[in-house]
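Residues per chain, in single letters:
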Amino acid sequence: MGGSRAKRLGQEGTRAFAFSGRSLSSALALALVPALVGVPRVTALDNGLALTPTMGWLHWERFTCNVDCIEDPENCISEQLFMQMADLMVSEGWKDVGYEYVCIDDCWLASKRDENGRLKADPERFPSGIRHLANYVHSKGLKLGIYQDVGTLTCAGYPGSYGYYDIDAKTFADWGVDLLKFDGCNSKDLNSLVEGYKYMSFALNRTGRSILYSCEWPLYIRHFQKPNYTEIRQYCNLWRNSGDILDSWSSVKSILAWTVSEQETLVPVAGPGGWNDPDMLVIGNFGLSWEQQVTQMALWAVMAAPLFMSNDLRHISPQSKSLLQNKDVIAINQDPLGKQGYRLRKVEDFEVWERPLSNLAWAVAVLNQKEIGGPQNYAFSIADLGGGLGCTPACFITQILPVKQELGLYEWTSQLKVRVNPTGTVLLKLQTFQQHQSSQ
Ligand code: GLA
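As the structure is a prediction and not an experimental result, all values here were calculated from the model. All residue numbers refer to position in the chain's written sequence, counted from 1. With the structure being a predicted model, the display of local features is reserved for residues of pLDDT at least 70 and the display and counting of side-chain atom pairs for 80 or more, all residues being used for whole-chain, interface and lining totals. The basis for every side-chain value is the complete set of heavy atoms in the structure, and neither hydrogens nor water enter the calculation.

What about the pairing of strand β13 (residues 394-401)?
Rule in force here: Buried, partly exposed and exposed residues are distinguished by accessible area as a fraction of the type maximum, computed with a 1.4 Å probe on protein chains only: under 20%, between the cut-offs, and over 50%, respectively. To qualify as a helix, a DSSP run of H or I must reach at least 4 residues; to qualify as a strand, a run of E must reach at least 2; elements of each kind are numbered from the N terminus. The pairing criterion for strands is at least two bridges between them, as found by DSSP.
Counting buried residues in β13 gives seven out of eight residues, a clear majority hidden from the surface. One ladder, built from six bridges, connects β13 with strand β14 (residues 405-411); its direction is antiparallel. Paired with Cys395 across the strands is Tyr410, a residue of β14. Here β13 folds back onto β14, and the loop between the two strands holds three residues.

Given below as structure tokens:
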């Protein structure tokens, strides 16, 4: 069992993205500001969940479909893995800074449903069952996420939910599950995929349990038709738009470039109750340099992205841990205004991103895409930020990443110079002087 991707809807073409970055003129970028500030939000799935981007841990990128508990008992998909992660989420301070959901991805299932058509976990790898695991996770003050698929089989080939939506929703509710990641492999056609996503949203609602609903609907239909985000937002709390993240800089870079190419569509649809999901944080693994980890954390905060770490909390460097637990960055990600940021401009290798925050504050990220040489200076005019409203008549600027540093009071007319390492990012917060004083 596991591994075969051949039956994905529309074959691999569904997921073959052209991650072509399209640069916006600054005039266009400025046009996004009124769109962000003034236009009423499209309605979100009204289950009271995900009022800020969801935070937690998800097994997929780091542990994939490792089902070999004989050869690799420490890293196989088993109840022990999730219990250990739950323990560490509490003992190592993850829960205290906001990471809440411990999430199971694909490959947790037995190869067949039980005699009543109910799903069951693999009996060898989850001998105590999911209800027991949920109780354990809840006893730690955390929440449990699980994975299923809208089609006949999951992406790794385990039994899918097609034809069983009500019974599966009820099973998850009975077990005490708090989040469902619903994948989109193996649907018969586009219509059954879309209808399946909608049906499962209702089925979860009908259980009466609060279950956060994470969809991959736009990702799977994008190749065939333009996703209707007004509709998607009415059914889902989170939605994946782009292909699976890998543990590499090229992967992080391509997700950013793709997000920029679609930002006029994506930015206005995000908000309390529903968020664009650029996929997991791979910080603390093998593929990203320190600078690139800083970039992922900073940009995921600016994009108001769900923060699902996929790493090994048993083996993580103090540096990666402190980045993932950085309260100032998390506060930007979780800002209650709930507006997604966007790329304001690209000048040669520098990208400037900004995100409006509550209390008239702004987050600004300057990313240096150059992959040769050393640190580079970039100077920009403060008046360009926030459509001219980022810092009027003056503001207090704090550098949040790579290290915290008070940069002081700047006037609207001044220039700001930052120094950014190759593939790194400088993340700044601009506040009114009064706000800065009261937050000290
Ligand atoms: C798809 C999803 C991934 C992961 C795998 C599991 O590729 O996009 O996030 O859930 O399936 O098989």
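Some points on the nonpolar core
The line we're drawing: By nonpolar core is meant a set of buried Ala, Val, Leu, Ile, Met, Phe, Trp, Tyr and Cys residues that side-chain atoms within 4.5 Å join together. A contact between two residues is defined here by any heavy atoms of the two lying within 4.5 Å.
Grouped together as the largest cluster of nonpolar side chains are 116 residues, with contacts concentrated most on Tyr99, Trp108 and Trp300. Setting aside its immediate chain neighbours within four residues, Trp108 contacts Ile77, Leu119, Lys120, Ala121, Asp122, Arg125, Phe126, Ile130, Ile146, Tyr147, Phe172 and Trp175. Leu344, Leu416, Val418 and Leu428 belong to the second largest nonpolar core, which has 22 residues in total.

Structural notes on the packing of aromatic side chains
Quick reminder of the rule: Any Phe, Tyr or Trp ring, taking Trp's six-membered ring, that has another such ring centre within 6.5 Å forms a pair; planes under 30 degrees apart are called stacked, those over 60 apart edge-to-face, and the others tilted.
Scanning all chains against the criterion turns up 17 aromatic pairs. Seen in terms of ring centroids, Trp57 and Phe82 are 6.0 Å apart; in terms of plane orientation they differ by 75°. Their pairing is edge-to-face. Of this pair, Trp57 sits in strand β1 (residues 55-58) while Phe82 is found in helix α3 (residues 79-91), placing the two residues 25 residues apart along the sequence. Classification of Phe82 as buried rests on a relative accessible area of 0%. These aromatic residues form a ring-pair network of at least three members: Tyr162, Tyr165, Phe182, Tyr197, Tyr199, Phe202, Tyr213, Trp217 and Tyr235.

What to know about the state of the cysteines
Using the following cut-off: Any two cysteine sulfur atoms lying within 2.5 Å of each other are counted as a disulfide.
For the structure shown, the criterion picks out five disulfides. Each sulfur in the disulfide pair Cys215 and Cys236 lies 2.1 Å from the other. An S-S torsion of about -90° defines the bridge between Cys215 and Cys236 as left-handed. Here Cys215 is found in strand β5 (residues 212-215), whereas its partner Cys236 is found in the loop between α9 (229-235) and β6 (238-240), with 21 residues between them in sequence. Assigned by exposure class, Cys215 and Cys236 land together as buried. One disulfide in the model links Cys391 with Cys395; its S-S distance is 2.1 Å. Between Cys391 and Cys395, the S-S torsion sits near -95°, and that sign places the bridge as left-handed.

Section: the sheet that holds β1
Selection rule: Every angle, taken between N-to-C directions, lies between 0 and 180 degrees, and every axis is a line fitted to C-alpha atoms, over only the stretch in contact when it is a helix.
The eight strands lie next to each other as β7-β6-β5-β4-β3-β2-β1-β8, forming an open sheet whose pairing is parallel. Strand pairing shows two members of the sheet lacking a second neighbour, β7 (275-277) and β8 (307-309), which therefore form its edges. For this sheet, the mean angle separating the axes of adjacent strands, direction not counted, is 25°. Where β6 meets β7, three bridges bridge the pair, whose relative direction is parallel. From the neighbouring strand, Leu238 faces β7, where its bridge partner is Trp275. Across the sheet, α3 lies against β1 and β2 (101-103), angled at about 160° from β2, the strand it touches most. Seen against the sheet, helix α5 (residues 130-139) touches β2 and β3 (143-149) and runs at an angle of roughly 145° to β3.

Here we look at the sheet that holds strand β10 (residues 350-356)
If you trace the six strands from one edge of the open sheet to the other, you get β9-β10-β11-β16-β13-β14, paired in antiparallel fashion. Each edge of the open sheet carries a strand with a single partner, namely β9 (342-347) and β14. Shown here is a sheet whose adjacent strand axes are inclined to one another by a mean of 25°, direction ignored. Packing against the sheet, helix α12 (residues 290-302) makes contact with β9, β10, β11 (362-368), β13 and β16 (425-431), and its axis sits at approximately 35° to β16.

Some points on the packing of helix α10 (residues 249-261) against α12
Formally: Comment on the angle field: the value is read as roughly parallel under 35 degrees, roughly antiparallel over 145, roughly perpendicular from 65 to 115, and oblique elsewhere. Here a crossing is taken to be left-handed if its near helix is turned anticlockwise relative to the far helix by less than a right angle, and right-handed if that turn runs clockwise.
Closest axis-to-axis distance for the α10/α12 pair is 11 Å, and the angle between their directions is 25°. In terms of their interaxial angle, α10 and α12 are classed as roughly parallel. When you trace α10 past α12, the crossing you get is left-handed. Residues Trp249, Val252, Ile255 and Leu256 of α10 form the contact with α12, whose participating residues are Gln292, Thr295, Gln296, Leu299 and Trp300.

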